[in-house]
Amino acid sequence: MKLLIATTNKGKFAEIKSYFGDLGFIEFLSLDDIEKEIKAPEESGATIEENAVLKAKYYAKQTGMLSLADDSGLFVHALDGFPGIHSARSGNTVEERNDYLLKKMKELEGNERQACFRAAIAIYHPETGNTFISFGNTEGRIEEEIHKEIKGGFGYDPIFTELKSGRRFSEMKKAEKNACSHRGKALSQAKYYLIKQYSPRQWIVPIGVLVNDKGEILLNKRNDPYNPEFHEKWEFPGGGVDWGESIEENVVREVREESGYEVKVIKRCSLIDLQHRTGKGDLWRVQIFILPHICRVTGGDGVVNDEEVLETNWVLPEKVLDYELVGNNAGMYEKILPEVLEYIGGM
Ligand code: ITT
């Protein structure tokens, strides 16, 4: 999974990268890692959220990559929000912008020096168009002079004192600033989104190898038109474990839903089969632990009441591999076949 942190501002990039440092499933790229030269977009939005989405979309479309953009600014209440969305453009250099703001605020005292930083973070996926946006604010005040001795942070950090800690942003290490800053607050929501949306999942999927009185095994033909690689392939009934459910309870419930039979779980096979599935480019990745269970049919009418099943068939154990099975289920079945035959032989 690759994420482009689409900012031309090195200070922002460093803070974002530091905040996401522990997201091991993502490879972070900067604009410097992109071979083609990309002209910065015109930030024509009226608000920071509009500009954040505009930038994320623009870079995602230019590069074809999942892209994150930040739009932020310093808003001085007594100056009607100046410099606000123009924070990066109120002078040619950082020094000029800081000096200009301090001059503009020369006559302001006490509460009139209150200000806040605002940040909007947008994440845009170029193929799906999925868009995420989050916000954060930091309240504080603008000092009378630039903090010259300590050179941490970037932009307006040397003149901004954060309200709660009473410390200037330029005095803080990246992690300290991220813990209380506008960007850190917006990034915490973005991080949760990335984890929910893109982190690889691990599923525990118990399945039932159902045996009837004749020593036959039940196979289901899967209905999965959205996933052609699984559609109309054969499989054993089973599915993900629900919250609060034991493995055995899950097998009995899933089998009932997908086969219409009541079963008694005879034994869990010694094999845990590990399978991997990925889908729709980089959109999802799942690692599945399949736990096969030999089950005996005890009742039910075999009427399938689940939209996931097109057809069911009772098959002799040696004939199961003649069917085209889903995923790596053929490999799994080969491994458990001796246990299945041993059970059927002793019935
Ligand atoms: P990108 O658009 O390429 O991300 P930029 O610097 O032009 O970079 P913005 O348009 O969002 O970014 O302008 C935000 C400006 O606000 C930024 O250049 C700083 O001057 C200021 N700023 C934002 N967050 C800040 C922070 O945490 N500390 C100090 N200054 C900040």
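First things first, this report covers the structure right here in the doc. All residue numbers refer to positions counted from 1 along the written sequence of the respective chain. Since the coordinates come from a predicted model, pLDDT governs what is reported: local features require at least 70, and pairs of side-chain atoms require 80 or more to be given and counted, while whole-chain, interface and lining totals use all residues. The side-chain values count all of the structure's non-hydrogen atoms but skip hydrogen atoms and water molecules.

**Quick look at the overall build of the chain**
The secondary structure listing takes helices from DSSP runs of H or I that are at least 4 residues long and strands from runs of E that are at least 2 residues long, numbered from the N terminus. For the chain, the helix and strand inventory stands at seven helices and 14 strands. For the C-alpha atoms alone, the extent of the chain along its principal axes is close to 95 × 40 × 30 Å. The buried label goes to any residue with under 20% of its type's maximum accessible area, the exposed label to any with over 50%, and the partly exposed label to all in between, with areas taken from a 1.4 Å probe on protein chains only. Relative to its 347 residues, the chain shows a buried fraction of 50%. Contacts in the chain between residues at least 24 apart in sequence constitute 66% of all its contacts with a sequence separation of at least 6. For accessible areas, the Shrake-Rupley method is used with a probe of radius 1.4 Å. Any residue's cover is judged against the shown protein chains and nothing else. Accessible surface, the chain: about 17800 Å² in total, of which carbon and sulfur atoms supply 49%. Each charge sign in the chain was given a centre, from 45 positive and 57 negative side chains, and these centres are 6 Å apart. The contact rule is simple, with two residues in contact once any of their heavy atoms fall within 4.5 Å. Charged residues are defined narrowly, with Lys and Arg counted positive, Asp and Glu counted negative, and His plus the chain ends left uncounted. All charge positions are set by atom: Lys at NZ, Arg at CZ, Asp at CG, Glu at CD.

**Notes on unusual backbone geometry**
Omega for the peptide link from F82 to P83 comes to -5 degrees, which places this bond in the cis form. With respect to the secondary-structure elements, P83 resides in strand β4 (residues 82–83). You will see that D80, though not glycine, has its phi angle at about 55 degrees, which is positive. Looking at the secondary structure, you find D80 in the loop between β3 (67–76) and β4.

**As for the packing of helix α1 (residues 10–19) against helix α5 (residues 182–198)**
Geometrically, a packed helix pair is captured by the angle between its two axes and the distance between the axes. Axes, fitted as lines to C-alpha atoms, cover a helix only where it is in contact. Angles between the N-to-C directions of the axes lie from 0 to 180 degrees. With their axes 10 Å apart at the nearest point, α1 and α5 run at an angle of 45 degrees to one another. In terms of axis orientation, α1 runs oblique to α5. As α1 runs across α5, the sense of the crossing is right-handed. Residue-level inspection shows K12, E15, I16 and Y19 of α1 in contact with α5, the latter providing R183, G184, L187, S188 and K191. For this classification, Asp, Glu, Lys and Arg are treated as charged, while Ala, Val, Leu, Ile, Met, Phe, Trp, Tyr, Cys and Pro are nonpolar and the rest, including Gly, are polar. Classifying every residue of the contact of α1 with α5 gives three nonpolar, two polar and four charged. Angle categories: roughly parallel below 35 degrees, roughly antiparallel above 145, roughly perpendicular from 65 to 115, and oblique for all the rest. When the near helix sits turned anticlockwise from the far one by under a right angle, the crossing is termed left-handed; a clockwise turn instead gives a right-handed crossing.

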